[in-house]
Amino acid sequence: MAKQTEQFHFYATKEEADIIHQRMEEAGVKNKCAYLREMAVNGYIINVELHDVKEMTGLLGRYGNNINQIARRANESGSVSTGDVRMIQNQMRELYDMLHRILNRISDIF
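For the structure given in this document, a descriptive report is provided here. The structure displayed is predicted, hence computed values, not measured ones.

A look at the overall build of the chain
Argument step 1. Looking only at helices and strands, the chain has 4 helices and 0 strands in total.
Argument step 2. In terms of C-alpha radius of gyration, the chain reaches 24 Å, well past the compact-globule figure of 13 Å for 110 residues.
Argument step 3. For the C-alpha atoms alone, the extent of the chain along its principal axes is close to 75 × 35 × 20 Å.
Argument step 4. The burial tally for the chain puts 12% of its 110 residues in the buried class.
Argument step 5. Residue pairs in contact within the chain that sit at least 24 positions apart in sequence constitute 44% of those at least 6 positions apart.
Argument step 6. Side-chain charges of the chain comprise 14 positive and 15 negative groups, with the mean position of each set lying 5 Å from the other.

Written as structure tokens, this is what we have:
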């Protein structure tokens, strides 16, 4: 990274300063100079929270395992219980709802 030799100074109102601090906190940035430089050069900072995506990935693995076990039982016995079908339907609904929430938050960013 090139040495930073140029300085920029500006004044802000109390309200503007509060907004800057709030946006820094939302972006997870603690260094004001780094935040202001990034905003001035690139125009925006996107902080992606992947907790829900990681949780959903784990659920997909567990639910996929459940489906495999049910398929194995169906192949052995020739039938699937209504309880198993309901469980899969509920799990798929939960995944769909989680994905819908994630996509809504992403669309709010853009």
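So, the side chain of Gln-91
Argument step 1. Along the chain, Gln-91 falls in helix H4 (residues 82–109).
Argument step 2. Residue Gln-91 is classed as buried on the basis of its relative accessible area of 10%.
Argument step 3. If we ignore the near neighbours within four places in the chain, the residues touching Gln-91 are Tyr-63 and Asn-66.

Points about the pattern of salt bridges
Side-chain pairs of opposite charge can arise whenever the charged atoms involved come near each other.
Argument step 1. Here the structure, examined in full by the defined rule, presents 3 salt bridges.
Argument step 2. The residue Lys-14 makes a salt bridge to Asp-18 at a minimum N-O spacing of 2.8 Å. Of this pair, Lys-14 and Asp-18 both sit in helix H1 (residues 14–27), 4 residues apart, roughly one helical turn.
Argument step 3. Residue classification places Asp-18 among the partly exposed residues on the basis of a relative accessible area of 38%.

Some details on the side chain of Asp-84
Argument step 1. Positionally, Asp-84 belongs in helix H4.
Argument step 2. Relative accessible area serves as the criterion here: at 14%, Asp-84 is assigned to the buried category.
Argument step 3. With residues near it in sequence (within four places) discarded, Asp-84 still touches Ile-70 and Arg-73.

Re a nonpolar patch on the surface
Argument step 1. A cluster of nonpolar side chains, Ile-46, Val-48, Leu-50 and Val-53, forms an exposed patch at the surface whose accessible area comes to about 320 Å².
Argument step 2. Inspection of the secondary structure puts Val-53 in helix H3 (residues 51–77).

Let's talk about the environment of Leu-50
Argument step 1. Positionally, Leu-50 belongs in the loop between helix H2 (32–42) and H3.
Argument step 2. Counting along the chain gives 52 residues from Leu-50 to Ile-102, while the straight-line C-alpha distance between them is 9.4 Å.

Details of the nonpolar core
Argument step 1. Formed by Met-56, Leu-59, Tyr-63, Leu-95, Met-98 and Ile-102, the largest nonpolar core amounts to 6 residues.
Argument step 2. Looking at this core, the elements that each hand over two or more residues are H3 and H4.
Argument step 3. Non-local contacts of Leu-95, meaning those with residues more than four positions away in its chain, are made with Met-56, Leu-59, Leu-60 and Tyr-63.

A closer look at H1
Argument step 1. For H1, spanning 14 residues, the distance from its first C-alpha to its last is 20 Å, which sits close to the expected 20 Å at 1.5 Å a residue.
Argument step 2. Two residues or fewer past H1, Gly-28 is found with a positive phi of approximately 75°.

Rules used in this analysis
- Residues numbered from 1 in each chain as written.
- Predicted model: local features only at pLDDT ≥ 70, side-chain atom pairs only at ≥ 80, totals over all residues.
- Heavy atoms only, no water.
- Helix = DSSP H or I, 4+ residues; strand = E, 2+ residues; numbered from the N terminus.
- Rg over C-alpha atoms; globule rule 2.2 N^0.38 Å.
- Buried < 20%, exposed > 50% of the residue type's maximum accessible area, 1.4 Å probe, protein only.
- Contact = heavy atoms within 4.5 Å.
- Lys, Arg positive; Asp, Glu negative; His and termini not counted.
- Charge placed at Lys NZ, Arg CZ, Asp CG, Glu CD.
- Salt bridge = Lys/Arg side-chain N within 4 Å of Asp/Glu carboxyl O.
- Patch = residues over 30% accessible without salt bridge, like charges linked within 9 Å, V, L, I, M, F, W, Y side chains within 5 Å.
- Areas by Shrake-Rupley, 256 points an atom, 1.4 Å probe, with all protein chains shown as cover.
- Core = buried A, V, L, I, M, F, W, Y, C linked by side-chain atoms within 4.5 Å.
- Expected span 1.5 Å × (residues − 1).

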